[in-house]
Amino acid sequence: MKKALSFGTLESRIYTIFTVMIFSAIFVMQLVSFRYTIDTVKSTTIDSNRVVLHQLVSQMDSYIQGMEHISQAVTVDDQIQMFLTTSAEDSGKVEMEDTIQFIRQKLQNYIQAREDISDILLIRMDRFILTSSEDVKINPWTAIQDKDWFIDAVEVGNKTIVSSSYVQNLIWGRYSWVVSLSKGILSKEDGILKGILLVDLKFNRIKDLCQSLVIGQKGYNFILDNEGNYVFHPTQQLVYSNIKSEPLEGIMAMIHSGEIQTYQRDERYYMVETSQLTGWHVVSVIYESDIITEWKSLQLIYTLIGLVLFLIVGLATNKISSGITKPVRKLQEIMQTVETGEFRVVGSIKATDEIRELAREYDIMVGRIRELMDANTREQELKRKSDLKALQAQINPHFLYNTLDSIIWMGEMKQNEKVVQMTSALSKLFRISISKGRDLISIRNELEHVKSYLTIQEMRYQDKFRYEMNMDPEILDMTTLKITLQPLVENAIYHGIKEVDHEGLISISGWLEDDVIVLEVRDNGIGMNEAQLALLVEGLERSDVSAVRLNRQGLGVRNVHERIQLYFGKEYGLVCESSPGVGTCISVRFPASSLEVVF
C-alpha cells in the first residue's frame, strides 16, 4: 500500500513548493490578464463613446446650422426688411398691417414646419416686437434691452448668438425652458442694424439628440457653455434644485487644459467635445458598470480557467514530484536492506544524473562491504579451524601420555602380544585422528576410532569394564566431527567407572531424530550429584569456568562441546544427565549430513 503523503517527505515538499509557486504564478497571471481585459474593454468602450460623442456634436451642429439657415432666410426676407426699415406713418397703416400679417404668416409657417421651434420674434430697434401670432402677447414687465441674447446680438450684428438654456418670460403666460438663437438684422441697403431676430428652440430636439447617443443603460449626455452653465441636462430640474450635481470643476479643468481627454469621478467617466459652431461643451457620461456589463460572467470565466489550470498543474506537479522522488524511494528501500544484512545493490536505475551517481557510489560501497565481510568470514573460518585444531591438540597429548605409559608397562612385563595389539590400536586411532587433515569423518570411522581407544583402555584396565555399541545403521555413513566420542568415553572411564567396585559398562549408541544425529555415551559409574552436574553444565556453557574446577568432570567433555558448537552452531552440543550411584549419560547432538554433501 502506498504510504500516506507526509509533509516531511521529499515528494510532499516538492509537490507543495511547486504547487504554491505555480498557483501563485497562475493567480498573478489571472489578475494581470483580468486587469488587461478590463482595461482593454474600458479603453475600447471609451474610444467608442468618444466616436459617439463626436457624432452627437456633429448632429447638434447640423441642427443649429439648420436653424441658422432659417434665421438667414428670415433676415433677408424683403417684407421683413421693409417692416424693420419703414414706419407705419411712412407706409400707411393699412399697408403696414398687411405686411405684419404677411410676416406673421411666414413665421407661422416656419414654426409649423419645425415642431422644435417654440417661437420666432422680430424686434425693431424702436423696441417694437412682432410676434408670430396676434394671440401671442408680450410680457409688459420684461425689459428686453437687458436680455443677454439681445445685448449680444446688438453687439455682434449679423452673427447668430446661441444662448444657454433659460426660462423664457418674454411671452405673456409662457415660462418654458428654451435655447435662443438671436441675430442682428442688417439693412440690405446700408448694412445698418435694423432689428433683432429671436428664435426660441424647445429642448425636445436637443434632448432627443442627447438621449439618442448614449453608452450603456446609465449613460447620459449634457451640455455646458463656456462659463460652465448648464445648457441642457436630462435631469435639469434636479440639477437646478441641487439634488443632483456634476463635478463641474473637474470637467471645466479638463476642458481648459485641452490635454486630459477623460475625467473620472467615482464610477463615472466624463468625456467632453466642444462644438466649434456654438461653443457648447457636450459632456458624455458613462458608468463603469456599463463598460463591463458581463462583469460576473467574466469573473466566473477567469475563475473556471484558473481552477482548470490549477487542476492541470496540480496533476502535472504530482507526476513530476513522483518522477523525481520515485528513484529516491527505491534507493532508500535498497539502502534499508543494509540493516537486515541483505546488502542489495541498486544496479541500473532510471533517474537524474545526481541520483544515478549516488546509486553508483552506494553500489561501490556495498561491494566493498561485501568484500570486507567475505574477508572477515574467511578469517573467521581460518580462526575456527585453528581453534578446532587447538582443542584437538589439548586432547591428544593427554591420551597419548596414558597410552604410551600402558605400552611401556606391558613391555616391561614382556607382554609382547599385548604391546603389539595396543600399539596397533594406537596406530589405528591416530590414523583416524589425522584423517588427512579433515575435521569431519563418517560416524563409522568415529566408531572405529573409539573402538581403538576402548581396546587400549580395556588392556589397561583389565576386567574393569566392558562396552557395547548400538548404532542405527542408517547414520553410519553420515558425518560427525572427529574425536567426538573418545573424550566422552575417556570421561566415563576415568570419572565414572574407575571409581566403582563393580564391573563397569559403557554403552555407546546413536540414532537419528528428524534431521539431528544423537550420539550417546552412557556409563553405570558413580555418577554425579546435583552440584557436580551443575558445575559440569556450567563449564560447558561458560568458557570462563576454570579448568581446575572442571578437572574432575573432564576438560575433554567441554572441548567436545565447544568444538560441536563452534562447527555446527550454538543450538547443538552436549546434554548431560547424571545421578549418584546410577551413572552418567552424555548425549551429543549435531545436524545430519552425508559425506557426499560435506566433501
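Cut-offs used in this document
- Residues numbered from 1 in each chain as written.
- Predicted model: local features only at pLDDT ≥ 70, side-chain atom pairs only at ≥ 80, totals over all residues.
- Heavy atoms only, no water.
- Salt bridge = Lys/Arg side-chain N within 4 Å of Asp/Glu carboxyl O.
- Helix = DSSP H or I, 4+ residues; strand = E, 2+ residues; numbered from the N terminus.
- Buried < 20%, exposed > 50% of the residue type's maximum accessible area, 1.4 Å probe, protein only.
- Pairing = 2+ DSSP bridges.
- Phe/Tyr/Trp six-rings, centres within 6.5 Å; stacked < 30°, edge-to-face > 60°.
- Lys NZ or Arg CZ within 6 Å of the ring centre and 35° of its normal.

Q: Account for the pattern of salt bridges, naming residues and giving values.
A: Within this structure, the stated rule accounts for 18 salt bridges. A salt bridge links Glu-288 to Lys-42; the shortest N-O distance between them is 3.4 Å. Within this pair, whereas Glu-288 is found in helix α9 (residues 288-291), its partner Lys-42 is found in helix α1 (residues 10-75), the two being separated by 246 residues in sequence. With relative accessibility at 31%, the residue Glu-288 sits in the partly exposed group. The partner of Glu-134 in a salt bridge is Arg-104, with the nearest N and O atoms 3.8 Å apart. Remark: Arg-104 occurs in helix α4 (residues 93-113) and Glu-134 occurs in the loop between β2 (129-130) and α5 (148-156); sequence separation between them is 30 residues.

Q: Lay out the pairing of strand β16 (residues 516-523) in plain terms, naming residues and giving numbers.
A: In terms of residue burial, β16 counts as a mostly covered element, since seven of its eight residues are buried. The sheet contact formed by strand β15 (residues 504-513) and β16 spans eight bridges and is antiparallel. Counted as the bridge partner of Gly-510 is Leu-519 from β16. The loop that links β15 with its antiparallel partner β16 comprises two residues; one of these, Asp-514, has a positive phi angle of about 55°. Strand direction decides the pairing type here: β16 and strand β18 (residues 583-591), joined by seven bridges, are antiparallel.

Q: Got a sec to walk through the packing of aromatic side chains? Specific residues and values, please.
A: The tally for this structure, following the rule as stated, stands at 13 aromatic pairs. Put simply, the rings of Trp-177, Tyr-220, Phe-222, Tyr-230 and Tyr-240 touch in pairs and so form one group of aromatic residues. Note that Arg-124 overlies the ring of Phe-83, its terminal NZ or CZ placed 4.8 Å from the centroid. When the ring centre of Tyr-220 is taken as origin, the NZ or CZ atom of Lys-244, which lies over that ring, is 4.4 Å away.

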